[in-house]
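Remarks on the overall topology
Residue-level listing of the chains:
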Amino acid sequence: MRRRAVFPFVLVAVLLLLFGVGWWTLVQAPDWPLPVFVVGTVVFGLGMVGFPVSMVAGHGRRHRDGAARIGDTTLGVIWVCFTWSVIGQIVRAILALSGVDELAAARVVAFVVLGIVVLLVLTGYFEAMRLPRVRAVDVVIPRLGPGADGLRVAVLADTHFGPINRERWSRRLATAVNELAPDVVCHVGDLADGSVEQRRAQVEPLRDVSGVKLYITGNHEYFSEAQRWLEHMASLGWEPMHNRHRVVERGGDRVTFAGIDDPTGVSSGLDGHGPDLAAALAGVDPDVPVVLLAHQPKQVRFAAAAGVDLQISGHTHGGQIWPFHLIVRLEQGFLHGLRRADNGTTQLYTSRGSGFWGPPLRVFAPSELTLLTLRAN
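So, here is what we can say about the structure in this document. (Residues numbered from 1 in each chain as written. Predicted model: local features only at pLDDT ≥ 70, side-chain atom pairs only at ≥ 80, totals over all residues. Heavy atoms only, no water.)

1. A closer look at the pairing of strand β4 (residues 212–215)
Selection rule: A pair of strands is treated as paired once DSSP finds two or more bridges between them. Only DSSP runs of H or I covering at least 4 residues are called helices, and only runs of E covering at least 2 are called strands; the numbering of each starts at the N terminus. Note on handedness: a crossover is taken as right-handed if, strands pointing away from the viewer, the path from the first strand over the helix to the second is clockwise.
Where strand β3 (residues 184–187) meets β4, four bridges bridge the pair, whose relative direction is parallel. Looking across to β4, one finds that V185 is bridged to K213. Regarding topology, helix α6 (residues 196–203) serves as the crossover connection from β3 to the parallel β4, and that connection is right-handed. Summarising the sheet, β4 and strand β5 (residues 239–240) pair through two bridges and their orientation is parallel. Paired with Y215 across the two strands is P240, which belongs to β5. Handedness of the crossover joining β4 and β5 through helix α7 (residues 226–235) is recorded here as right-handed.

Structure follows, in structure tokens:
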């Protein structure tokens with residue numbers, strides 16, 4: 001009860017901070033003529049009031065995609081505006097201490113901040129909506145047999161098919177994956193936001209992806225209907241790695257691919273959901289290298305304890321909108337790329353993700369379609 005009573009005050013405080021800093025930097029401090037001040041104040045005021053309304057309408061029980069698009073876009077723009085307004089205020093203080101006229105400094109900062117925000121929003125939108133660049137990485141696995149040397153693993157992550165219809169993008173993505181000629185294709189979670197019925201058309205092109213296709217749940221599947229997504233992906237030819245494994249053979253040598261659920265599954269209320277690494281690895285040949293699909297990078301501590309050779313993850317989006325990566329790194333421990341776990345033998349590859357969540361922006365965090373080539377040495 002106490003939390004519910006406090007929540008409205010916290011929400012108002014957050015909104016005032018997010019929108020207020022930008023308003024002060026771009027509208028109030030520069031002391032513009034009255035018409036400019038009024039228009040700027042109205043824009044920020046409407047944004048502050050409309051943002052929570054559109055987020056609730058878009059991501060609440062009714063799932064209105066139009067409202068979600070407005071709310072998500074507002075979130076991305078105001079975050080960029082807030083970030084660079086804070087930096088602008090620091091610069092303004094430095095200029096004031098240097099003896100620069102206060103009004104002149106405020107107006108210069110306002111123009112520069114506005115220019116940066118517009119530039120980053122436009123380029124960030126382009127980066128989010130474009131087909132992800134291919135990121136090719138060789139991963140040396142000492143236990144890999146010579147026949148399996150060169151095994152090609154394409155990695156999709158965090159496609160987040162959602163309120164913005166990306167059916168055409170999905171078809172192009174499937175084509176791009178096939179052009180890589182992978183032996184194995186993995187989707188390591190956060191496939192879509194919403195129900196199967198809502199996102200069916202956007203996900204459908206993934207049916208055409210070639211190769212051994214493996215899929216695990218991310219945390220966002222558990223915000224809608226995770227079990228239905230597992231069943232639907234199976235109908236598209238993707239094998240659900242629901243705390244289980246399968247063996248892939250190439251050139252007479254084998255690689256075990258295992259998958260575990262996202263930790264969110266534990267509290268989802270779905271029977272049998274939640275990561276169970278012991279079940280996923282039950283019966284594996286100890287002499288065969290193991291590649292584990294686990295949505296969140298921080299799950300690598302369990303993979304390392306189990307002697308897994310390589311974990312493939314997503315979840316972080318590389319931060320998606322700078323400087324959010326600082327919080328992501330603090331929470332997950334890893335941001336993107338190939339790293340070695342604390343045990344010195346288990347490796348972790350974290351994808352920046354192929355799509356985006358929420359705001360259709362990627363700022364200093366480009367998307368990727370990953371091609372991992374497994375090497376024996």
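2. Some remarks on empty space enclosed by the protein
With a probe scaled to a water molecule rolled over the atoms, the places where space remains empty come into view. So the rule is basically this: Of the two site types, the cavity is a set of points on a 1 Å grid over the protein atoms alone where a 1.4 Å probe fits but cannot get out, and the pocket is an open set with protein on both sides within 12 Å along at least five of seven lines, each lined by residues with an atom within 4 Å of a point. Grid points are joined across faces, edges and corners, and a volume is the space filled by probe spheres set on the points. Residue classes follow a fixed rule: Ala, Val, Leu, Ile, Met, Phe, Trp, Tyr, Cys and Pro count as nonpolar, while Asp, Glu, Lys and Arg count as charged, and any other residue, Gly among them, counts as polar.
Counting across every chain of the model gives one cavity of 30 Å³ or more. Here the largest cavity defines a volume of roughly 110 Å³. Lining the largest cavity are H59, R69, D72, H160, G162, P163, I164, R166, D193, F356, W357 and G358. Residues that form the lining of the largest cavity fall into these classes: four nonpolar, four polar and four charged.

3. Things to note about α6
In plain terms, the rule: Accessibility here uses a 1.4 Å probe with only protein chains present; expressed as a share of the type maximum, an area under 20% marks a residue as buried, one over 50% as exposed, and anything in between as partly exposed. Comment: arc refers to directions from the helix axis out to C-beta atoms. Here a residue-residue contact requires only that any non-hydrogen atoms of the pair lie within 4.5 Å.
For α6, the set of buried residues is V196, R199, Q202 and V203. Looking straight down α6, one finds that the buried residues subtend no more than 120 degrees of arc, so they occupy a single side. The elements touched by buried residues of α6 are α3 (65–97), α5 (167–179) and α7.

4. Remarks on the nonpolar core
This is how the line gets drawn: Within this scheme, the nonpolar core is defined by two criteria: the residues are buried Ala, Val, Leu, Ile, Met, Phe, Trp, Tyr or Cys, and they are joined through side-chain atoms within 4.5 Å.
Counting residues in hydrophobic clusters, the biggest one holds 26 residues, and the most contacted among them are V153, F257, I312, L372 and L374. At the level of elements, β1 (133–140), β2 (151–156), β3, β7 (253–259), β8 (290–293), β9 (310–313) and β12 (368–375) are the ones that each hand at least two residues to this core. Counting residues per element, this core draws most heavily on β2, at three residues. Other than its neighbours up to four places away in sequence, L372 contacts V137, V139, L151, R152, V153, V155, L310, I312 and Y349. Counting residues in hydrophobic clusters, the runner-up holds 25 residues, among them F161, A176, V185 and L371.

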